[in-house]
Amino acid sequence: MKLAIVGGGPAGLYLSILLKRQDPAHEIAVYERNPEGSTYGWGVTYWAGLLDKLRAGDPESAAAVAEASVTWTDGVAIVRDERTVHRGDAGFGIGRRRMLALLADRAEELGVRVEFEHDIPGPDAPELAGADLVVAADGVNSVLREAHADHFGSTVTGGRNQYIWLGTTKVFDSFSFAFKETVHGWIWCYAYGFSGERSTCVVECSPETWTGLGLDTRGEADSLHFLEKLFHDLLDGHELIGRDRADDAAQWLTFRTLTNRVWHHGNLVLLGDAAHTTHYSIGAGTTLALEDALALADALRSPGDLDTALTTYGKRRRAELVSAQSAARYSAQWYENLPRYMCLEPARMFALLGQRHSPLLPHIPPQLYYRIDRAAEQLEPLRRLKRWLGPRVARAVHGRR
């Protein structure tokens with residue numbers, strides 16, 4: 001097959017690796033519009049289950065990613081200057097730039113042609129002519145998807161809160177949170193390490209707090225200085241960093257949740273953020289994109305025509321994404337309704353932070369939910385009731401929308 005993959009993010013590069021390993025005779029090109037080594041964001045997170053899947057797909061790239069990653073097991077939160085610790089499962093962080101470099105090197109080693117600074121402006125680009133399969137891995141703003149927007153049935157839902165994606169020289173050895181109350185409302189950040197020199201720090205707040213603190217009008221340098229002072233106890237005097245390219249300032253954004261009714265059109269198929277997005281607060285974006293690549297490669301391995309393979313891939317991934325999309329939706333809503341939970345003492349608030357994916361939590365007073373949750377840990381009948389009731393509440397709420 002001749003394959004053209006548009007977008008050199010983790011999903012597109014990893015798919016090229018998988019398909020080249022399946023059949024070295026495949027002619028595969030990856031077209032990335034940005035220069036080599038240039039990427040947005042700082043570090044990405046994933047959990048141990050992803051490494052097992054990557055090892056099955058390509059042991060060499062999995063080993064390289066694992067070696068370049070850092071790990072943590074604890075969660076730490078600072079609430080009103082009080083620190084609390086929560087023990088949890090091991091998580092991993094890796095620099096986005098580092099991950100892309102490892103995957104690009106592995107793809108080229110296998111014979112994939114990776115072309116940087118090569119923009120594909122639309123489906124009629126000459127580079128796509130004659131391709132048996134065109135993969136739109138060009139992100140949430142995919143030009144290939146938008147050319148057939150009516151067919152794909154794309155839906156974009158905007159989030160309420162403002163957020164900004166930053167780096168910091170503070171190296172965190174745990175997944176850390178800080179919640180600060182101001183006269184204009186709450187503002188908070190998530191921070192995690194991804195190398196021995198840098199960490200990611202995502203700051204979020206309501207639009208009222210954002211404008212009240214003047215963050216809508218401050219320049220980048222002024223905003224970073226203000227946030228450094230506000231989160232001084234979390235950062236321990238370390239600086240915040242905007243974009244790592246001098247010609248590009250960090251931007252405040254609102255998160256956009258993208259879904260698509262179908263995932264392919266003829267020989268064009270969607271992958272990663274071009275197909276779906278999930279709120280960053282569940283830390284699953286990169287994992288889900290790589291799982292897309294694994295599923296698409298698996299579908300293409302099966303005997304049968306291309307349309308059947310792409311249909312199978314789309315149906316499988318849309319079904320598998322239901323739980324993650326639900327968790328992301330409730331997680332985003334938890335933060336959008338943060339004041340509801342800040343009346344709790346810090347340890348209890350942090351416990352409910354870990355329960356933010358629950359469809360029950362928005363409908364039960366936080367103090368009562370906390371007591372029920374603690375009791376459910378000891379009483380199996382109550383635990384079963386909680387598991388039974390949650391999905392039913394979710395379906396009832398979703399049905400009213």
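Quick caveat: nothing in here was measured; it's all calculated off a predicted structure.

What counts, and where the lines are drawn
Residues numbered from 1 in each chain as written. Predicted model: local features only at pLDDT ≥ 70, side-chain atom pairs only at ≥ 80, totals over all residues. Heavy atoms only, no water. Pairing = 2+ DSSP bridges. Helix = DSSP H or I, 4+ residues; strand = E, 2+ residues; numbered from the N terminus. Axes fitted to C-alpha atoms, helices over the stretch in contact; angles between N-to-C directions. Parallel < 35°, antiparallel > 145°, perpendicular 65-115°, else oblique. Left-handed = near helix turned anticlockwise from the far one by under 90°. Contact = heavy atoms within 4.5 Å. Nonpolar A, V, L, I, M, F, W, Y, C, P; charged D, E, K, R; others polar. Buried < 20%, exposed > 50% of the residue type's maximum accessible area, 1.4 Å probe, protein only. Phe/Tyr/Trp six-rings, centres within 6.5 Å; stacked < 30°, edge-to-face > 60°. Lys NZ or Arg CZ within 6 Å of the ring centre and 35° of its normal. Lys, Arg positive; Asp, Glu negative; His and termini not counted. Salt bridge = Lys/Arg side-chain N within 4 Å of Asp/Glu carboxyl O. Polar contact = N/O pair within 3.5 Å; in protein donor to acceptor, adjacent residues only side chain to side chain. pLDDT = per-residue confidence, 0-100. Core = buried A, V, L, I, M, F, W, Y, C linked by side-chain atoms within 4.5 Å.

**Focus: the sheet that holds strand β13 (residues 240-241)**
Read across the sheet, eight strands follow the order β3-β5-β4-β10-β11-β12-β9-β13 without closing on themselves; strand pairing throughout is mixed. Each end of this open sheet is capped by a strand with a single partner; those strands are β3 (43-47) and β13. Of the pairings in the sheet, the one linking strand β10 (residues 175-182) to strand β11 (residues 185-193) comprises seven bridges and is antiparallel in character. Its bridge partner lying in β11, lysine 180 is registered against isoleucine 187.

**A short note on the packing of helix α2 (residues 48-57) against helix α10 (residues 285-301)**
To characterise two packed helices, one gives the angle between the axes of the helices and the distance between these axes. The geometry of α2 relative to α10 is characterised by a closest axis approach of 11 Å and an angle of 30 degrees between their N-to-C directions. Here α2 lies roughly parallel to α10, going by the angle between them. The two elements α2 and α10 meet at a crossing, and its hand is left-handed. Residues Leu50, Lys53, Leu54 and Gly57 of α2 lie in contact with α10, whose contacting residues are Thr287, Leu290, Glu291 and Leu294. Each residue belonging to the contact of α2 with α10 can be placed in one class, and the counts come to four nonpolar, two polar and two charged.

**Some words on unusual backbone geometry**
Unlike most non-glycine residues, arginine 80 shows phi in positive territory, near 50 degrees. By secondary structure assignment, the location of arginine 80 is in the loop between β4 (70-79) and β5 (82-95). Judged by relative accessible area, arginine 80 falls into the partly exposed class, the value being 43%. A positive phi is found at aspartate 236, a non-glycine position, where the angle reads about 55 degrees. Within the secondary structure, aspartate 236 is located in the loop between α9 (232-235) and β13.

**What to know about the packing of aromatic side chains**
For the coordinates displayed, the defined rule picks out 18 aromatic pairs. When the centroid spacing of 5.7 Å and the interplanar angle of 55 degrees are considered together, the rings of tryptophan 72 and phenylalanine 175 count as tilted. Remark: phenylalanine 175 occurs in strand β10 and tryptophan 72 occurs in strand β4; sequence separation between them is 103 residues. We note that tryptophan 72, like phenylalanine 175, is buried. Measuring from centroid to centroid gives 5.3 Å for phenylalanine 175 and tyrosine 192, while their planes differ by 20 degrees, and the two rings are stacked. In this pair, phenylalanine 175 sits in strand β10 while tyrosine 192 sits in strand β11, placing the two residues 17 residues apart along the sequence. When its relative accessible area of 5% is taken as the criterion, tyrosine 192 is described as buried. When the ring centre of phenylalanine 226 is taken as reference, the NZ or CZ atom of arginine 218 above it lies at 4.4 Å. Residue placement shows arginine 329 over the ring face of tyrosine 330; its charged tip is 5.4 Å from the ring centre.

**Side note on the sheet that holds strand β2 (residues 27-31)**
Strands pair in a sheet through their backbones, by hydrogen bonds, and they do so in one of two ways: parallel or antiparallel. Strand order across the open sheet formed by six strands is β6-β2-β1-β7-β16-β15, with mixed pairing between neighbours. With partners counted over all chains shown, the strands left at the sheet margins are β6 (113-115) and β15 (264-265), one partner each. Bridging between β2 and β6 involves three bridges; their strand directions are parallel. Bridged to alanine 29 within β6 is arginine 113.

**Quick look at the side chain of arginine 96**
Mapping arginine 96 onto the fold places it in helix α4 (residues 96-109). Buried and unpaired, arginine 96 has aspartate 273 as its nearest opposite-charge partner, separated by 6.6 Å. Apart from residues lying up to four places away in sequence, arginine 96 is in contact with Gly9, Pro10, Thr39, Tyr40, Trp42, Gly43 and Val44.

**Observations regarding the environment of arginine 55**
Here arginine 55 lies in helix α2. Look at arginine 55 and you get partly exposed, because its relative accessible area is 41%. Remark: the alpha-carbon pair of arginine 55 and glycine 196, spanning 141 residues in sequence, is separated by 24 Å. At a separation of 3.1 Å, a polar atom in the side chain of arginine 55 contacts the side chain of aspartate 52.

**Observations regarding the pairing of strand β12 (residues 199-205)**
For β12, a buried count of seven out of seven residues is recorded, marking the element as mostly surrounded by other parts of the structure. Every second residue of β12 is oriented toward a common face, with Ser199, Cys201, Val203 and Cys205 on one face and Thr200, Val202 and Glu204 on the other, all of them buried. Sheet analysis places strand β9 (residues 162-168) next to β12, joined by seven bridges and oriented antiparallel. Among the inter-strand pairings, leucine 166 is bridged to a residue of β12, identified as cysteine 201. As paired strands, β11 and β12 are joined by seven bridges and run antiparallel to one another. By the bridge assignment, tyrosine 190 is partnered in β12 with valine 202. The hairpin turn running from β11 into β12, its antiparallel successor, is five residues long.

**Side note on the confidence of the model for the protein chain**
In the predicted model, the protein chain carries a mean pLDDT of 91, and 93% of its residues have values of at least 70. Here residues 392-398 is a poorly scored stretch, pLDDT under 50, and it has six contacts once near neighbours within four places are set aside; other chains count.

**Comments concerning the nonpolar core**
Across soluble globular proteins, nonpolar side chains show a tendency to be buried alongside one another. In terms of nonpolar packing, the biggest core is built from 67 residues, with Tyr14, Leu15, Leu128, Val135, Leu271, Leu296 and Tyr313 touching the most fellow members. In terms of residue count, the dominant contributor to this core is α10 (ten residues). With residues near it in sequence (within four places) discarded, leucine 296 still touches Leu15, Val269, Leu271, Leu310 and Tyr313. In terms of nonpolar packing, the next biggest core, distinct from the first, is built from 29 residues, Phe177, Phe255, Leu338 and Met349 among them.

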